[in-house]
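Per-entry structural report
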Amino acid sequence: EAGVTQFPSHSVIEKGQTVTLRCDPISGHDNLYWYRRVMGKEIKFLLHFVKESKQDESGMPNNRFLAERTGGTYSTLKVQPAELEDSGVYFCASSPNWALPVPEDTQYFGPGTRLTVL
Amino acid sequence: DQQVKQNSPSLSVQEGRISILNCDYTNSMFDYFLWYKKYPAEGPTFLISISSIKDKNEDGRFTVFLNKSAKHLSLHIVPSQPGDSAVYFCAASVRGAQKLVFGQGTRLTINP
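It should be emphasised that the depicted structure is a prediction, and the values quoted were computed from it without experimental measurement.

About the criteria used
- Residues numbered from 1 in each chain as written.
- Chains lettered and ligands numbered in written order.
- Predicted model: local features only at pLDDT ≥ 70, side-chain atom pairs only at ≥ 80, totals over all residues.
- Heavy atoms only, no water.
- Pairing = 2+ DSSP bridges.
- Helix = DSSP H or I, 4+ residues; strand = E, 2+ residues; numbered from the N terminus.
- Axes fitted to C-alpha atoms, helices over the stretch in contact; angles between N-to-C directions.
- Phe/Tyr/Trp six-rings, centres within 6.5 Å; stacked < 30°, edge-to-face > 60°.
- Buried < 20%, exposed > 50% of the residue type's maximum accessible area, 1.4 Å probe, protein only.
- Lys NZ or Arg CZ within 6 Å of the ring centre and 35° of its normal.
- 1 Å grid on protein atoms, 1.4 Å probe; cavity = no way out; pocket = protein on both sides within 12 Å on 5 of 7 lines; lining within 4 Å.
- Points joined across faces, edges and corners; volume = space filled by probe spheres on them.
- Nonpolar A, V, L, I, M, F, W, Y, C, P; charged D, E, K, R; others polar.

Residue and element names in this part refer to chain A. Pairing within the open sheet is antiparallel, and its four strands lie in the order 1-3-8-7. Strands at the two margins of the open sheet, each flanked by one partner only, are strand 1 (5-7) and strand 7 (65-68). Across the sheet, the mean angle separating the axes of adjacent strands is 15 degrees when strand polarity is ignored. The pairing of strand 3 (residues 19-24) with strand 8 (residues 75-79) spans five bridges and is antiparallel. Note on strand 8: the bridge partner recorded for Val19 is Val79.

Further remarks concern the packing of aromatic side chains. All names here are of chain A. Inspection of the entire model under this criterion finds 13 aromatic pairs over all chains. Geometrically, the ring pair formed by Tyr35 and Phe109 is tilted, given 5.4 Å between the ring centres and 40 degrees between the ring planes. Here Tyr35, found in strand 4 (residues 31-37), pairs with Phe109, found in strand 10 (residues 108-109); they are 74 residues apart in sequence, far enough to count as distant. For Phe109, a relative accessible area of 11% gives the class buried. With 6.4 Å between their ring centres and 80 degrees between their planes, Phe91 and Phe109 make a pair best called edge-to-face. With Phe91 in strand 9 (residues 88-95) and Phe109 in strand 10, this pair connects stretches of sequence that are 18 residues apart. Here the basic side chain of Arg22 rests over the ring of Tyr74, its NZ or CZ set 3.8 Å away from the ring centre.

This paragraph deals with the sheet that holds strand 3 (residues 19-25) of chain B. Residue and element names in this part refer to chain B. Spatially, five strands are ordered 1-3-8-7-6 in an open sheet, and the strand pairing comes out antiparallel. Because the sheet does not close on itself, it has two edges, and the strands there are strand 1 (4-5) and strand 6 (56-59). Strand direction decides the pairing type here: strand 1 and strand 3, joined by two bridges, are antiparallel. Note on strand 3: the bridge partner recorded for Lys5 is Asp24.

This brings us to the layout of surface pockets. Its volume calculated, the largest pocket comes out at about 630 Å³. Lining of the largest pocket is provided by 32 residues; of these, Arg37(A), Val89(A), Arg114(A), Lys38(B) and Ala41(B) occupy positions nearest its centre. Those elements that place two or more of their residues in the lining of the largest pocket are strand 9 and strand 11 (113-117) of chain A together with strand 9 (86-93) and strand 11 (106-111) of chain B. A class-by-class count of the residues in the lining of the largest pocket yields 13 nonpolar, 14 polar and five charged. Along the walls of the second largest pocket sit 23 residues, with Glu42(A), Ile43(A), Lys44(A), Phe45(A) and Val101(B) positioned nearest its centre. Top element by residues in the lining of the second largest pocket is strand 5 (residues 43-50) of chain A. It accounts for four residues. Within the lining of the second largest pocket, the residues separate by chemical class into 11 nonpolar, six polar and six charged.

Everything listed here is a matter of coordinates, which is why it stays silent on function.
What follows is the structure, encoded as structure tokens:
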């Protein structure tokens, strides 16, 4: 079974430009999450999709960030315009829609996209 | 306001000995706790978890202990092996909320 994949693995852009990150979850996983780790700090939650619907977007930093999940499959995270503080590693994770949460709330992470804004 | 804290940024342990990684949390609503392991240039990999109704969960060389009154959990690895060298993240969630709240990570180095 293929794991969570993310593209690109690295992106270097200049301040003010636009970048789009893509995440392909594990096939059949209804739940898709975006997280971000900045400068070696904790991994912070950004948002959560259940299928194509946004379940929780409380972690999105501001309206420069736009996440979509077309048809409940892959997801994109667009940053427009990018700022210096957006630099970090963006992780995507997915989990099944557990009928019974066993193992509860376990999320499977992709390798991340390292974004550098110059 | 960091709700999950790993106060040791790094830990060095001799191969074959026990590694103990610690994690503290402040939100009493958390009822599920996980440990993830992360190698460089890879995403976090689920290691072991524990529900708040338990105080111990064991899986092979890995054991997680939960002390709810102290809002503290720990991960024990015994015996430690060189392949255990990685960054370990503690995470917590409120059942139903699904989002994970992570600590800052502890870099574990196992010395031969």
